[in-house]
Amino acid sequence: MKRILFFLLFPIYLLNGQDYFPDNTAVKTKELNYQAFTNATIHINPTTVIENATLLVQGGRIVAVGQNINIPKNTRLFDKTGTHIYPSFIELNSNFGIKLEKTSRSGRSAQYQASRDGYYWNDHILSDYNSIEDYTYDKNQAKNLRNVGFGIVNTHRANGIHRGTSVLLALSDMLPNRDRYLESEAAEHFSFKKSTTSNQAYPSSVMGSMALIRQFYHDTKWYEAGNAPHTDLAIEAAIKNKKLPKIFEASDKFNTLRAVKVGNEVGLDFAVVGSGQEYELIDQLKSNNAKLILPINFPKAYDTTDPLMMKKITLTQLRHWNQAPMNPAAVANAGIPFALTTHKMKSTKEFMPNLKKAIAYGLSEQKALEALTTVPAQLLNQQKNLGTLAKGKLANFIVTSGPLFNTNTKLYENWVKGTPHVILEHTINNIDGKYTVQLGEKTLELEIKNSQEKISVTAKLDSVKLKTKSSYKDHWLAINIIDSKKKSHALLNTKIGNSGLKTGQGNDFSGNQIEWTLSKIDSDKETKDQKAPQYYEPLPLKFPNKAYGFSERPQSETLLFKNATVWTNEEEGILEQTDVLIMNGKITAVGADLEADGVRVIDASGKHLTSGIIDEHSHLGASSINEGGHNSSAEVSIEDVLEPDDIGLYRDLAGGVTAIQILHGSANPIGGRSAIIKLKWGETADELLIDDADPFIKFALGENVKQSNWGSYSRFPQTRMGVEQVFVDHFQRAKEYGKTWERYNALPKKIKAKTKVPRYDIEMEVLLEILEGKRFISSHSYVQSEINMLMKVAEKFDFKINTFTHILEGYKVADKMAEHGVGGSTFSDWWAYKNEVKDAIPYNGAIMHNAGVTVAFNSDDAEMSRRLNQEAAKAVKYGGVSEEDAWKFVTLNPAKLLHLDHRMGSIKVGKDADLVLWSDHPLSIYAKAEKTIIEGTIYYDSETVENQLKSIETEKQQIIGQMLIAKALGADTQKAPSGAKREFTCETLD
Amino acid sequence: MKTIKILILFLGLPVWGQQTPASPQQQSILIYNAYIHLGDGNIIENGALGFEDGKITYVGSKLNTLDYASVIDAEGKHLYPGFIATNSSLGLVEVDAVRATRDEDELGDFLPHIRTAIAYDAESKIVESMRPNGVLIAQVAPRGGLISGSSSVMQLDAWNWEDALLKTDEGIHLNWPNPYSRGRWWLGEDPALTNNKNYLPNIKKLKTFFENAKVYDPNQTPKHLPYQSMAGLFEGTKTLYLHAEDEKQIVDGISYFKELGINKIVLVGGNEVLNQIDFIKSHEIPVIASRPHRLPDNEDEDLKGSFKLASELIKEEVLVSIDVSGRMERMYTRNLPFYAGSFAAYGMDKEIALQLITSNAAKILGIDDRLGTLKVGKDATLFLSKGDALDMRTNQIHHAWINGRAISLETHQTELWKRYSKKYSSED
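Residues numbered from 1 in each chain as written. Chains lettered and ligands numbered in written order. Predicted model: local features only at pLDDT ≥ 70, side-chain atom pairs only at ≥ 80, totals over all residues.

### Notes on the overall build of chain B
Moving on, step 1. Scanning chain B from terminus to terminus reveals 14 helices and 19 strands.
Moving on, step 2. Taken against the 2.2 N^0.38 rule, which gives 22 Å for 428 residues, the C-alpha radius of gyration of chain B at 23 Å falls within 12% of a compact globule.
Moving on, step 3. Dimensions of chain B, computed from the C-alpha atoms along their principal axes, are close to 70 × 55 × 45 Å.
Moving on, step 4. Buried positions account for 51% of the 428 residues belonging to chain B.
Moving on, step 5. Here the analysis covers contacts within chain B between residues at least 6 apart in sequence; of these, 69% occur between residues at least 24 apart. (Helix = DSSP H or I, 4+ residues; strand = E, 2+ residues; numbered from the N terminus. Rg over C-alpha atoms; globule rule 2.2 N^0.38 Å. Buried ≥ 20, exposed ≤ 12 C-beta atoms within 10 Å, placed from the backbone. Contact = placed C-beta atoms within 7 Å.)

Listed below in structure tokens is the structure:
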């Protein structure tokens, strides 16, 4: 049976091998001899090892592997006694041999239109690009990769959101390109990063990139079904390459999960290049069926010699150093399929040491091998050619001195498609050891180390150390010993045979030709099979994994507050000496002398209990805020870019805030969709979202959308006149869009089948939701003219603006606002920061309130949001709003504006137990939030802060101690810590 | 003798488009039945305070009404010395985003001769908005560069800068070079913090300048304006305001200037001052401490660290006032009383917190002979508030005087408030 297969394969190979290239240098020849690698321990795949085995190769492919192999006559034999043979590795995400040219920015205004004609409307979709266009084989890079065990590389140009296709090639220096290529269009590559070869502004944010990928795949399906009236070469390329494997370079903690999710949505099975921080998001990656490509560029220990700098390193950074090496193990243990990559590694030399480190921190050797061989082969659909040492596959293998992951194991050879590449000349004899030589009356001691790689020799003459210069190449040893005091030198120069170093030719210090006789006094110590050490125990994860993180996620409790001053925000008003009971996350009773079994009683005498503060306008907890690449970006959503571990959320909790609306910024008239979350510190992004919240979207007016304050002159609109037209235009089109679909959907089946399908447009879908009263607008606004204008536009299209945010001249049109039914979420006392707020007054809230507008005070600021209770008090100071009503400005009223007052914003039986216990009158400057509770769970407790601070300090010292030990054991260090987080406001441009 | 109810006085004030500075005190006034915060840590309940020709003539509990031409029954309201803002930039910028209105940062690195006094806009709408909150005095300081320029102390109700001046060119402001730098992330550089390569070269430049200024011969021709304006620092008539956040800057800066023989040094900012508290104390350096309403420097820091800074310094007996600079600094300077209140909430007696913006600030600015406390012989710069002026719940200012002049508490903002409130009430 075996024989038959063998013969079947043979003629096919011959046919393929027929060479049609003319040769004018000699007669044409063909190498048909076999190569046999014998007596080796062969790891044919990650789970199967054959001792004393033979690998038979012909024409770059494996013919047979195992014991008792029938070796044909025309076979060259390579005795590999004592060595191990493994399939060589596959690098999935490389830029090997591809240089990227960047376009320089020209002019001061951004570019908004695509620069390519006949392609997709966005320059950053380069699906038609094939990396092979710019590829040239790079011998140095190839050597670097081969030296750590790679034989195959999948390389692409890292440029754009859709980056086009990659090239899959064999890293053989000896073969011509035509024989190196496995696939000239191997996989499609993606990222969230814009192309550097175009200046087109859109998308300017990760959420924009996500929206663009979604829209592109809607368009691709629509185009493929023949509905498009024009030609689009980018879409056509994507259709052609539909079946190719998809690789996504995310390289950021949350982006990895985002890429996985977007892939699932549009039906693209991405293998995602991660960040190395997957260990923090394991459950979510697992439940979203992630496939990963993991970098192992573990952070280096920080340089602890500069104590002032060390103080600036955060616990997050220190924890990452401590925990990163366990990342591959964490991913493997969760059963998530993954490959490994050299991506982001400064030097490939770090690859094997780091891989061994990952193994020391729990990664099994089997999984490590799979991640380098079988998994990447599978991800590339190359199981036929790659991944194991099996008959018919490419002869891609490495020869090592011992088990691959032992510390002292060396890579000797890397064979690529049957062509040899020597990494380390292991055929020369090992002569390491200590020797003595008698030179007249004097004794010369020689110690030889590392003879098979880079030899080093120390020489002592009568215990005095002398300088040496040595080399050991092609079996020839030369040792020069220099006595600089006496200005003389001795030389030993000899060819080493199998018997080792016993005698040699040369001269002594007097220049006499002598025959050296050496006696070995200490044979080199047997290098044991050692594994890389685990220097320290990785710390357990925290929730979130940084300062102020919980060791265990806090649970909802049954709590009874006794004798509090309760601000109900209901008809009952402010109740003295009142008890509040909360159970199962809800408020279950409010009254005097409440009792319940099994509750935790909290003495609240002298204290005030209120519902949690709600910030209608926040930019915390998101990794991007503005998509300013278009004047409308309704297609983007902040929900896509939540950052649940933003320390700002915890700082807000400490200020009594329990919920926020994370709004898109104000870079464009039609902004993006917002995320409404509760500040459940330590929970995942999905768990922060308030499940039944109505959907909202940010609009903006005035100076920001006109781009008045940062010199950009090329985007429409540049005036308030233009702003109105942007709205009218978009709503008009959304209306027509809705009608088109309505008409299409109403067609009889038969006619429908023959009718072209309208294009699905995410942006229009979102705008249509507004027109249909299913999505609500919170609009950034300042001056009265524009406030009035937007209400009129809405009225024209028969809907209502929900909220004006900022609304600093709301007081000038408060009557019109009340009539329209729009709320106002304003600042208490900000003004004069730009021209459009020169008439902003702190009495604004009071005037609007008195005119019957639902008024809230918001922050738009990471600092002010921590003390919104003080801001509410300013409504009392400026304009004399009653204290009870002023308090509603930051609780019940924002709940109303967000349509969440059915469950939040007041202390009422049945509502969510989102409560704050204050040390004092909540409007007072002296009030401090003591406990902040969301749905019955205490997320902030001022009593624990001191311990938290202590544990932050203790943990930092502990990790710094680990670094010192790791350093003492030879780990590399890095100098600078990363910086503080950027804070976002409306005007942040991404 | 006339007894004038506060309300009557208040309503009687005329309303103009631009608030008109008050005219000099014509007749002596006694305020009685007041809860007097002296500004030195003490209070007098049910006290009386008299002033004449702009100076305080009486502080105590007696009711010698006959000695005064006019008498005000405070009805238990709180009487405070006018609040003093340190390191403000009031009057130098009107609208942040409008470059044409920005005058706080001149071009160049060594600008001791640049003077804020003459650019101060006495008619700024932002300046007038200070008064209804009790902020009546401000140090007006320049921004930017290494040596930003010279500051002056102004009272906040004047026809022009010259009339506003209380202390002219009283100090020179210096931003100590930054020992650290960051990559510019927007250019794709690593945003990690690193030791600034230019730290030592920048210090060298700075030292060269100071050492040349010290040996400058005032008789030289041609004159060297920058050196000339530095003389006061070495003579002890001017204060050096050293702006430094980082502990390395603090130690390097103070060590150098002490060595150079500059005696009057005030540290401004000082986020990390607590790390070097013994050093600060041993050199007796007063601190204009960063305001409490700012974010922690990094995510590990105490959530409320910024609120605790002043009380920690006071515990160590450092002389402290409040730095009003930062985000929205000019419009936010009216929140100065609430900065003090926020500091009080975190470990400080309210009367001590009050000193941060009264007597301490006056001492730091060297105007304590005239201002900062309610004491006989000092300027009658004071105001009456409905209650605790450090808490916005009760900070309702009914009447204020600068130098005995009864100043307007109306502003562009109160006018708009009244105009539009009236619009809606008349429509009803």
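### Thoughts on the overall build of chain A
Moving on, step 1. Counting its secondary structure elements, chain A contains 25 helices and 44 strands.
Moving on, step 2. C-alpha extents for chain A along the principal axes are approximately 110 × 75 × 55 Å.
Moving on, step 3. Burial status across chain A gives 52% buried among its 990 residues.
Moving on, step 4. Sequence-distant contacts, at least 24 apart, represent 68% of the contacts inside chain A between residues at least 6 apart.

### A look at the sheet that holds strand β6 (residues 89-94) of chain A
Residues and elements named next belong to chain A.
Moving on, step 1. Pairing is mixed across the open sheet formed by four strands, whose spatial order is β6-β7-β9-β10. Each end of this open sheet is capped by a strand with a single partner; those strands are β6 and β10 (181-183). Each strand of the sheet is rotated relative to its neighbour by a mean of 25 degrees, with strand direction disregarded.
Moving on, step 2. Bridge count between β6 and strand β7 (residues 150-155): four bridges; the pairing is parallel. Opposite phenylalanine 89, over in β7, you have phenylalanine 150 as the bridge partner. (Pairing = 2+ DSSP bridges. Axes fitted to C-alpha atoms, helices over the stretch in contact; angles between N-to-C directions.)

### Here we look at helix α9 (residues 305-315) of chain B
All names here are of chain B.
Moving on, step 1. By the burial criterion, the buried members of α9 are Ser306, Phe307, Leu309, Ala310, Leu313 and Ile314. Each buried residue of α9 sits inside an arc of 150 degrees when the element is viewed along its axis, so together they form one side.
Moving on, step 2. Buried residues belonging to α9 abut β15 (287-290), β16 (320-323), α11 (336-345) and α12 (350-356).
Moving on, step 3. Just downstream of α9, glutamate 317 is the residue with a positive phi angle, here 60 degrees. (Arc of directions from axis to C-beta.)

### Remarks on the interface of chain A and chain B
Moving on, step 1. Of the residues lining the interface, 51 residues belong to chain A; the matching set on chain B comes to 43 residues.
Moving on, step 2. Mapped by element, the contributors of at least two residues to the side of chain A that touches chain B are α9 (315-323), α14 (647-653), α20 (814-820), α21 (844-850), α22 (868-877) and α25 (942-968) of chain A.
Moving on, step 3. The dominant element in the side of chain A that touches chain B, judged by the number of residues it contributes, is α22 of chain A, at five residues.
Moving on, step 4. Residue composition of the side of chain A that touches chain B, grouped by class: 28 nonpolar, 10 polar and 13 charged. (Nonpolar A, V, L, I, M, F, W, Y, C, P; charged D, E, K, R; others polar.)

### Concerning the sheet that holds strand β35 (residues 675-678) of chain A
All names here are of chain A.
Moving on, step 1. With mixed pairing, the three strands of this open sheet are ordered in space as β32-β33-β35. Where the open sheet ends on each side, the last strands, each with one partner, are β32 (613-618) and β35. Taking each pair of neighbouring strands and ignoring which way they run, the sheet shows an average axis angle of 15 degrees.
Moving on, step 2. Across four bridges, the pairing between strand β33 (residues 657-662) and β35 is antiparallel. Across the sheet, residue alanine 659 finds its bridge partner in β35, namely lysine 678.

### Details of the packing of helix α16 (residues 720-745) of chain A against helix α18 (residues 762-771) of chain A
Residues and elements named next belong to chain A.
Moving on, step 1. The N-to-C vectors of α16 and α18 enclose an angle of 95 degrees; their axes lie 9 Å apart at closest approach. Taken as axis vectors, α16 and α18 run roughly perpendicular relative to one another. Where α16 approaches α18, its residues His730, Phe731, Arg733, Ala734, Lys735, Tyr737 and Gly738 are matched on the opposing element by Met764, Leu767, Leu768 and Leu771.
Moving on, step 2. Tallied by class, residues from the contact of α16 with α18 come to seven nonpolar, two polar and two charged. (Parallel < 35°, antiparallel > 145°, perpendicular 65-115°, else oblique.)

### Concerning the pairing of strand β17 (residues 382-385) of chain B
Residues and elements named next belong to chain B.
Moving on, step 1. Judged by which residues are buried, β17 turns out to be covered on both faces: Leu382 and Leu384 on one side and Phe383 and Ser385 on the other are all buried.
Moving on, step 2. Examined bridge by bridge, strand β6 (residues 78-81) and β17 share four bridges and lie antiparallel to one another. By the bridge assignment for β17, histidine 78 is matched with serine 385.
Moving on, step 3. Note that β17 and strand β18 (residues 397-402) share four bridges and pair antiparallel. Paired with serine 385 across the bridge in β18 is isoleucine 397.

### What about helix α6 (residues 253-266) of chain A?
All names here are of chain A.
Moving on, step 1. Most of α6 is tucked away: 10 of the 14 residues are buried.
Moving on, step 2. For α6, the set of buried residues is Lys253, Phe254, Asn255, Thr256, Leu257, Arg258, Ala259, Val260, Val262 and Gly263.
Moving on, step 3. In the stretch just after α6, glycine 267 is the one whose phi turns positive, near 80 degrees.

### Here we look at the domain arrangement of chain B
Residues and elements named next belong to chain B.
Moving on, step 1. Along its sequence, chain B is carved into domain 1 (2-81 + 394-427) and domain 2 (83-370).
Moving on, step 2. In this structure, domain 1 and domain 2 have C-alpha centres spaced 31 Å apart.
Moving on, step 3. Counting residues per element, the ones that place at least two in the side of domain 1 that touches domain 2 are β6, β18 and α14 (412-427).
Moving on, step 4. The class makeup of the residues in the side of domain 1 that touches domain 2 is 10 nonpolar, 10 polar and two charged. (Domains from an automatic or database assignment.)

### Looking at the environment of valine 215 of chain B
Moving on, step 1. In this structure, valine 215 of chain B sits in the loop between α4 (199-214) and α5 (225-228).
Moving on, step 2. When the C-alpha positions of valine 215 of chain B and tyrosine 227 of chain B are compared, they lie 9.1 Å apart, and in sequence the two are 12 residues distant.

### Here's the deal with the nonpolar core
Moving on, step 1. Counting 370 residues, the largest nonpolar core has Leu55 and Val272 of chain A together with Ile31, Leu242 and Ala340 of chain B as its most contacted members.
Moving on, step 2. Broken down by element, this core gets its largest block of residues, eight residues, from helix α4 (residues 206-224) of chain A.
Moving on, step 3. The residues contacting valine 272 of chain A, other than those within four sequence positions of it, are Phe248, Ala250, Thr256, Ala259, Val260, Ala290, Lys291, Leu292 and Ile293 of chain A.
Moving on, step 4. Among the nonpolar cores identified, the runner-up in size contains 20 residues, and Val437, Leu446, Leu466 and Ile481 of chain A belong to it. (Core = buried A, V, L, I, M, F, W, Y, C linked by C-beta atoms within 7 Å.)

### Structural notes on the confidence of the model for chain B
All names here are of chain B.
Moving on, step 1. Summary statistics for chain B give a mean pLDDT of 93 and a share of 94% for residues scoring 70 or more.
Moving on, step 2. Ignoring residues within four places in sequence, the model shows residues 1-17, a span with pLDDT below 50, making 20 contacts including any to other chains.
Moving on, step 3. Across the assembled chains, the prediction reports ipTM 0.95 with pTM 0.92. (pLDDT = per-residue confidence, 0-100.)

### Focus: the domain arrangement of chain A
Moving on, step 1. For chain A, the assigned domains read domain 1 (433-523) and domain 2 (617-830 + 854-867).
Moving on, step 2. Once you take the C-alpha centre of each, domain 1 of chain A and domain 2 of chain A turn out to be 80 Å apart.

### A closer look at the confidence of the model for chain A
Moving on, step 1. Model confidence for chain A is summarised by a mean pLDDT of 92, while 95% of its residues fall at 70 or above.
Moving on, step 2. Low confidence marks residues 1-16 of chain A, where pLDDT is under 50. Its contacts with residues over four positions away, or in another chain, come to two contacts.

### Concerning the packing of α4 of chain A against α6 of chain A
Residues and elements named next belong to chain A.
Moving on, step 1. Axis separation between α4 and α6 bottoms out at 10 Å; the angle between their running directions is 20 degrees. One finds that α4 runs roughly parallel with respect to α6. Taken as a pair, α4 and α6 cross one another with a handedness that is right-handed. Across the interface between the two elements, Val206, Met210, Ile213, Arg214 and Tyr217 of α4 pack against Asn255, Arg258, Val262, Glu265 and Val266 of α6.
Moving on, step 2. Looking at the contact of α4 with α6, its residues break down into six nonpolar, one polar and three charged. (Left-handed = near helix turned anticlockwise from the far one by under 90°.)

### Comments concerning unusual backbone geometry
Moving on, step 1. The omega torsion across tyrosine 202 of chain A and proline 203 of chain A is -5 degrees, close enough to zero to call that bond cis.
Moving on, step 2. Within the secondary structure layout, proline 203 of chain A lies in the loop between β11 (188-191) and α4.
Moving on, step 3. Following threonine 221 of chain B, the chain continues into proline 222 of chain B via a peptide bond in cis, with omega recorded as -5 degrees.
Moving on, step 4. Note that proline 222 of chain B resides in the loop between α4 and α5.
Moving on, step 5. We note that asparagine 68 of chain A has phi near 50 degrees; this positive angle belongs to a residue other than glycine.
Moving on, step 6. Among the structural elements, asparagine 68 of chain A can be located in the loop between β3 (61-66) and β4 (75-79).
Moving on, step 7. Here the phi dihedral of asparagine 87 of chain B falls at roughly 55 degrees; this positive angle occurs in a residue that is not glycine.

### Things to note about the environment of asparagine 512 of chain A
Moving on, step 1. You can see asparagine 512 of chain A is positioned in the loop between β25 (503-507) and β26 (513-523).
Moving on, step 2. C-alpha of asparagine 512 of chain A to C-alpha of alanine 490 of chain A: the two residues are 22 residues apart in sequence and 9.0 Å apart in space.

### Notes on the environment of serine 708 of chain A
Moving on, step 1. By the secondary structure assignment, serine 708 of chain A is in the loop between β36 (696-700) and α16.
Moving on, step 2. Linking serine 708 of chain A and leucine 491 of chain A, residues 217 residues apart in sequence, is a C-alpha distance of 79 Å.

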